[in-house]
Amino acid sequence: MIPPALVYIKIGKKGGMGLWIPVFLLWPLILPAAAMCILLAGITEPVLRIFGRGKGLFTGTTGLYQMLCAFRHLRINVRNGVETVSIRII
Amino acid sequence: MSDEVERIVDMLEQGKISAGDAKKLIMAIKGIHDGPLPPLPPIPPAPYFRAGGPGRAKFLKVEVRNGDDSVDVRIPLDLIRAGMKLKSLVPSQVMENVTSQLKDKGINVDLDGLKKEDMDSVIDALSDLKVDITDGSKGTVRVFVTDQP
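Calculation criteria
Residues numbered from 1 in each chain as written. Chains lettered and ligands numbered in written order. Predicted model: local features only at pLDDT ≥ 70, side-chain atom pairs only at ≥ 80, totals over all residues. Helix = DSSP H or I, 4+ residues; strand = E, 2+ residues; numbered from the N terminus. Contact = placed C-beta atoms within 7 Å. Buried ≥ 20, exposed ≤ 12 C-beta atoms within 10 Å, placed from the backbone. Nonpolar A, V, L, I, M, F, W, Y, C, P; charged D, E, K, R; others polar. Pairing = 2+ DSSP bridges. Axes fitted to C-alpha atoms, helices over the stretch in contact; angles between N-to-C directions. Parallel < 35°, antiparallel > 145°, perpendicular 65-115°, else oblique. pLDDT = per-residue confidence, 0-100. Left-handed = near helix turned anticlockwise from the far one by under 90°.

Peer 1: Help me understand the overall build of chain A, please; the structure alone is not making it clear to me.
Peer 2: A count of helices and strands for chain A gives two helices and four strands. Its helices and strands taken in sequence order, chain A reads β-β-α-α-β-β from the N to the C terminus. The long-range fraction of contacts in chain A, counting pairs at least 24 apart against all pairs at least 6 apart in sequence, stands at 45%.

Peer 1: Quick question: what am I supposed to make of the overall build of chain B here?
Peer 2: Each helix and strand in chain B was counted, giving five helices and four strands. Starting at the N terminus and walking to the C terminus, you meet the elements of chain B as α-α-β-β-α-α-α-β-β. Counting the 149 residues in chain B, one finds 9% classified as buried. For chain B, the share of sequence-separated contacts (at least 6 apart) that also reach a separation of at least 24 residues comes to 50%.

Peer 1: What is the right way to read the interface of chain B and chain A from this model?
Peer 2: By a frequent convention, interface size equals the accessible area lost on bringing the separate parts together. If you look at the interface, chain B gives 24 residues, while chain A gives 23 residues. Top contributing element to the side of chain B that touches chain A by residue count: strand 2 (residues 69–76) of chain B, with eight residues. Classifying every residue of the side of chain B that touches chain A by side-chain character gives eleven nonpolar, five polar and eight charged. Sheet topology note: the strand 3 (residues 75–79) of chain A/strand 2 of chain B ladder contains five bridges and is antiparallel. The partner of Arg 79 of chain A across the bridge, within strand 2 of chain B, is Ser 70 of chain B.

Peer 1: For this particular structure, what's the right way to read the sheet that holds strand 2 of chain B?
Peer 2: By definition, the strands of a sheet pair up through backbone hydrogen bonds, in either a parallel or an antiparallel sense. Taken together, the eight strands give an open sheet; going across it, the order is 2(A)-1(A)-4(A)-3(A)-2(B)-1(B)-4(B)-3(B), and neighbouring strands pair in antiparallel fashion. Pairing within the sheet leaves two strands with one partner each, and these edge strands are strand 2 (19–22) of chain A together with strand 3 (130–135) of chain B. In this sheet, neighbouring strand axes are inclined to one another by 10° on average, regardless of whether the strands run parallel or antiparallel. Relative to strand 4 (residues 83–89) of chain A, strand 1 (residues 6–13) of chain A is paired through seven bridges, and the arrangement is antiparallel. Within strand 4 of chain A, the position partnered with Ile 11 of chain A by the bridge is Val 85 of chain A.

Peer 1: Hey, could you run me through the pairing of strand 2 of chain A in this one?
Peer 2: Residues in a regular strand point their side chains to alternate faces of the sheet. Residues and elements named next belong to chain A. Two elements, strand 1 and strand 2, share four bridges in a ladder whose sense is antiparallel. Residue pairing for strand 2: Leu 6 is matched across the bridge by Pro 22. Hairpin connection of strand 1 to strand 2: five residues between the antiparallel strands, including Gly 15 at a positive phi of 85°.

Peer 1: Would you mind going over the environment of Ile 89 of chain A with me for this structure?
Peer 2: Along the polypeptide, Ile 89 of chain A turns up in strand 4. For the pair Ile 89 of chain A and Arg 75 of chain A, spaced 14 residues apart in sequence, the C-alpha separation works out to 6.4 Å.

Peer 1: I keep staring at the packing of helix 1 (residues 3–13) of chain B against helix 2 (residues 19–29) of chain B and nothing clicks. Help me out?
Peer 2: To describe two helices that pack against each other, one gives the angle between their axes and the distance between the axes. All names here are of chain B. In the contact formed by helix 1 and helix 2, the axes pass within 10 Å of each other and the chain directions differ by 175°. When the axes of helix 1 and helix 2 are compared, the pair comes out roughly antiparallel. Residue-level contacts link Glu 4, Val 5, Ile 8 and Leu 12 of helix 1 to Ala 19, Ala 22, Leu 25, Ile 26 and Ile 29 of helix 2. Its residues assigned to classes, the contact of helix 1 with helix 2 comprises eight nonpolar, no polar and one charged.

Peer 1: So what exactly am I meant to see when it comes to the confidence of the model for chain B here?
Peer 2: Low-confidence regions, as indicated by low pLDDT, have predicted coordinates that should not be scrutinised in detail. Within chain B, residue pLDDT values average 77, and 81% of them lie at 70 or more. Highest mean pLDDT in chain B belongs to strand 2 of chain B (91); lowest belongs to helix 2 of chain B (77).

Peer 1: What am I meant to see in the pairing of strand 2 of chain B here?
Peer 2: All names here are of chain B. In terms of strand pairing, strand 1 (residues 59–66) meets strand 2 through eight bridges, oriented antiparallel. In the strand pairing of strand 2, Phe 59 is matched with Pro 76. In sequence, strand 1 turns back onto strand 2 through a hairpin of two residues, with Gly 67 there showing a positive phi of about 60°.

Peer 1: Before we go on, may I ask you to explain the packing of helix 3 (residues 78–86) of chain B against helix 5 (residues 116–126) of chain B in this structure?
Peer 2: Residues and elements named next belong to chain B. Axis separation between helix 3 and helix 5 bottoms out at 10 Å; the angle between their running directions is 165°. One element, helix 3, and the other, helix 5, form an angle in the roughly antiparallel class. Here helix 3 and helix 5 pass one another in a crossing that is right-handed. On the side of helix 3, the interface is formed by Ile 80, Arg 81 and Met 84, while helix 5 contributes Lys 116, Met 119 and Ile 123.

Structure below.
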């Protein structure tokens, strides 16, 4: 699973310029943080379970990362005769 | 105002062109599409989706065309699958509250009892979804699931 690499946003008149945001530049921050959180959840969940808490902590944390990755390929494109709003996550 | 637009305004003032022609010329200069958009391409044939298989449903597409207006939305179905996992982070008291609130509004769904497998079955069943409404020249609404980006 790979998190989004590029986000394209264009709001305004047709034929105008859009903005490409290089989200992959944040990968060095996102990937280690996600790995740390998942690892931490994996360790703390069994401990918390002993006290009757922390159920689904690991599943939820991995789900959070999966949701971030699932935003890849999302595309929203709305336009009328004059203006356009376009969001693409690649 | 650009030179081209100024010239068009001059021509309009001199009565050489009509207001409609001026509008068309300005839109052409600015690259603004006038008139209805081209028709939507045909819906790709639904592949055989298998639960968890390589050809499983990947995207929910919503396409709306109405003259100059159009909406194209492509939602990855993995968002729903991942969202189901997030359910486990919600405290059970909150889940009970939401369920009771929904029940008050006439929606009888037990969110706490909703399993990932159930949601997978729903998503796999979505592969048969195909809504195609065309109202003559007025517009088209299409909702379908595909494995093609």
